[in-house]
Amino acid sequence: MAGSASAPDPGGAARGESASAAWALALHHRSHDDEIALLRVAVSCALLAPSMHNTQPWRFRLRPGAVDLFADRTRGLPVVDPEDRELTISCGAALHHLLLALANLSLTTETIAFPDPDDGDHLATVNVSRPHETSADERLLFAQLTRRHTNRAPFDNRRPPPALVDLLGRAAERHQVTFQVLNAAAQRREFARLVVEADALQGSDRRFRRELAVWINAGRIRTLDGVPPPGFFSTGGQAGASTTITVTSIVENRLDVAAAAERILASSPIMAVLASGSDDPLAWLRSGMALSEVALRARAFDVWVSYLNQALEVDGYRGSVGALAGPAGAGTYPQLGLRLGYGPEPRPTPRRPLSEVLYLAPPERQGPPAGPAEPGDAAGSSRGTFGPGEDGEPR
Ligand SMILES: Cc1cc2nc3c(=O)[nH]c(=O)nc-3n(C[C@H](O)[C@H](O)[C@H](O)COP(=O)(O)O)c2cc1C
């Protein structure tokens, strides 16, 4: 299991037995009901994925031998995310969680992205087939599903080991995404400045504030989506300054850009940008898968991942981040700004129940799973290389 040699093994040896011969036999002889039950378990794991403002903008459809993932655009954020870019990234994270769960249920998967050219909401079909030998790496990542949370606390000044940074770079590459660490002091400072300025611009937009307030408010303590404060707010120099560093200006009357940037720098031992080579729904889906793998791998080293996305959400600023983080001359599209480090355990956010996001295909739609896409097949569809981890070849 390359790259995780120095990581703890939270799973323990016992999970290594999941692909035992008996289990393989049981899978082979499973009934329709057994199979649907297994797929339900896998989808319930997918629900643990991160999503913007905890909107959980996904729906899953079960058919014998397949799970379909759909975008739920009714849960979009038209002001901050007008193209559903971050919505699709969120769904990509759920897809990666799903594949990881299926692999840990000893099921072989084959993923077709955008299988239906007439339905842009149909993000992926995951065909599930014969028994699969769960790898140690898949077990390690799976064990992080419940250990991963977004941590908005300031991180302490310990820097995660360089081996982890390399590992995260390779993890992102498996999804055709780059994990670009901002190392130079000037680069870090410039990124922090862009974040603070973009944050101030967002905060000055009444529509943005209103949309944010729908999803992030005290009432969210009683709902199964959204984010209750103080998980999100209060970065300022005033009360609650130590709780988060995410939103810099909204709660401050006067913005001191330099001081706010300094707070971000001091709280972010690693700043990184996930970027893709194109800027389309498939690239967004892959970016979400990369986010999931990066965040889970980081947790295997007890490292938290959090977000600095403001500059990627404001016109004009996203290009500046691309110029800052991208390899010189290459066209890269920044998809997420991240900070990584060590800090106190945050409170988990809630999730909607399976019954709200899952449905069974009616019998007439329970036909054969989506077949292989030939070259030139369904425009925009893409299959393979959607694995959950190091053995992430088409299964
Ligand atoms: C595409 C995407 C964008 C996000 N942007 C931010 C952000 O800008 N600031 C932030 O604090 N959290 C951000 N998050 C984290 C979500 O708020 C978080 O995933 C959600 O509340 C669920 O909580 P959890 O990650 O702890 O499970 C983002 C997550 C995703 C997937």
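Residue indices follow the written sequence of each chain, beginning from 1 at its first position. Two thresholds apply to this predicted model, a pLDDT of at least 70 for residue-level local features and 80 or more for giving and counting side-chain atom pairs, whereas whole-chain, interface and lining totals are computed over all residues.

1. Some words on the pairing of strand β5 (residues 177–181)
Regular strands place side chains that alternate from one sheet face to the opposite one.
And step 1. Across the 5 residues of β5, 4 count as buried, placing the element largely inside the fold.
And step 2. Note: β5 against strand β6 (residues 270–276), 5 bridges, orientation antiparallel. Residue pairing across strands places V181 opposite A272, the latter belonging to β6. In this scheme the burial state of a residue depends on its C-beta neighbours within 10 Å: 20 or more other such atoms mean buried, 12 or fewer mean exposed, and anything in between means partly exposed; the C-beta positions come from the backbone. A run of H or I in DSSP becomes a helix once it reaches four residues, and a run of E becomes a strand once it reaches two; helices and strands are each numbered from the N terminus. Pairs of strands are assigned from DSSP output, requiring at least two bridges between the strands.

2. A look at the nonpolar core
And step 1. In plain words, the nonpolar core is the set of buried Ala, Val, Leu, Ile, Met, Phe, Trp, Tyr and Cys residues that C-beta atoms within 7 Å link up. One finds V67, L98, L102, L274 and V294 to be the most contacted residues of the largest nonpolar core, which totals 92 residues.
And step 2. Of the residues forming this core, the biggest block, 12 residues, is contributed by helix α3 (residues 85–104).
And step 3. Mapping this core onto the domain boundaries places at least three of its residues in each of domain 1 (19–148 + 352–383) and domain 2 (162–341).
And step 4. Once C-beta atoms have been placed from the backbone, residue pairs whose C-beta atoms lie within 7 Å are recorded as contacts. If sequence neighbours within four positions are ignored, V294 has contacts with L168, A171, A172, F179 and V305. Here the limits of each domain have been adopted from an automatic or database domain assignment.

3. Description of the site of the ligand
And step 1. Taken together, 18 residues are adjacent to the ligand, and P50, N54, H149, T150 and Y307 come closest.
And step 2. Tallying contributions element by element places α3 first for the shell around the ligand, with 4 residues.
And step 3. Considered class by class, the residues forming the shell around the ligand number 7 nonpolar, 9 polar and 2 charged.
And step 4. Shared between two domains, the shell around the ligand takes at least three residues from each, and those domains are domain 1 (19–148 + 352–383) and domain 2 (162–341). Near, for a residue, is defined by distance from a backbone-placed C-beta atom to a molecule or strand, with 6 Å as the limit that must not be exceeded. Polar here means any residue outside two lists: the nonpolar Ala, Val, Leu, Ile, Met, Phe, Trp, Tyr, Cys and Pro, and the charged Asp, Glu, Lys and Arg; Gly therefore counts as polar.

4. Concerning the packing of helix α2 (residues 32–46) against α3
And step 1. Note on geometry: axes are C-alpha line fits, over the in-contact stretch for helices, and angles between N-to-C directions span 0 to 180 degrees. Axis separation between α2 and α3 bottoms out at 8 Å; the angle between their running directions is 140°. Between α2 and α3, the crossing angle belongs to the class labelled oblique. By crossing handedness, the relation of α2 to α3 is classed as right-handed. Residues A42, V43, C45 and A46 of α2 pack against A94, H97, L98, A101 and L102 of α3.
And step 2. Taken together, the residues of the contact of α2 with α3 sort by class into 8 nonpolar, 1 polar and no charged. Relative orientations are named as follows: roughly parallel for angles under 35 degrees, roughly antiparallel for angles over 145 degrees, roughly perpendicular for angles from 65 to 115 degrees, and oblique for any other angle. Two helices crossing with the near one rotated counterclockwise from the far one by less than a right angle form a left-handed crossing, whereas a clockwise rotation gives a right-handed crossing.

5. Focus on the sheet that holds β5
And step 1. Reading across from one edge, β5-β6-β8-β7 is the order of the 4 strands in this open sheet, with antiparallel pairing throughout. On the outer flanks of this sheet lie β5 and β7 (304–307), each paired with one strand and no other. Recorded for the sheet is a direction-independent mean angle of 30° between the axes of neighbouring strands.
And step 2. Across the sheet, helix α5 (residues 162–173) lies against β5 and β6, angled at about 155° from β5, the strand it touches most.

6. What to know about the confidence of the model for the protein chain
Should pLDDT be low for a region, the predicted coordinates there are not to be read in detail.
And step 1. Each residue gets a pLDDT score, which is the predictor's confidence in that residue and runs from 0 to 100. Chain-level pLDDT for the protein chain is 84 on average; 78% of the residues reach the 70-or-more range.
And step 2. Scored below 50 in pLDDT, residues 1–19 makes 32 contacts in the model with residues more than four places away or belonging to other chains.
And step 3. Across residues 233–243, where pLDDT falls below 50, the model places 24 contacts with residues more than four positions away in sequence or in other chains.

7. Comments concerning the environment of Y317
And step 1. Among the structural elements, Y317 can be located in helix α10 (residues 317–325).
And step 2. Sequence-wise, Y317 and V195 are 122 residues apart; in three dimensions their C-alpha atoms are separated by 8.6 Å.
And step 3. Setting aside residues no more than four positions away along its own chain, Y317 makes contact with L194, A198 and A311.

8. Comments concerning the environment of L105
And step 1. Mapping L105 onto the fold places it in the loop between α3 and β3 (107–113).
And step 2. Along the sequence, L105 and L38 sit 67 residues apart, while their C-alpha atoms lie 7.5 Å from each other.
And step 3. Apart from the residues lying within four places of it in its own chain, the contact partners of L105 are L38, V41 and A42.

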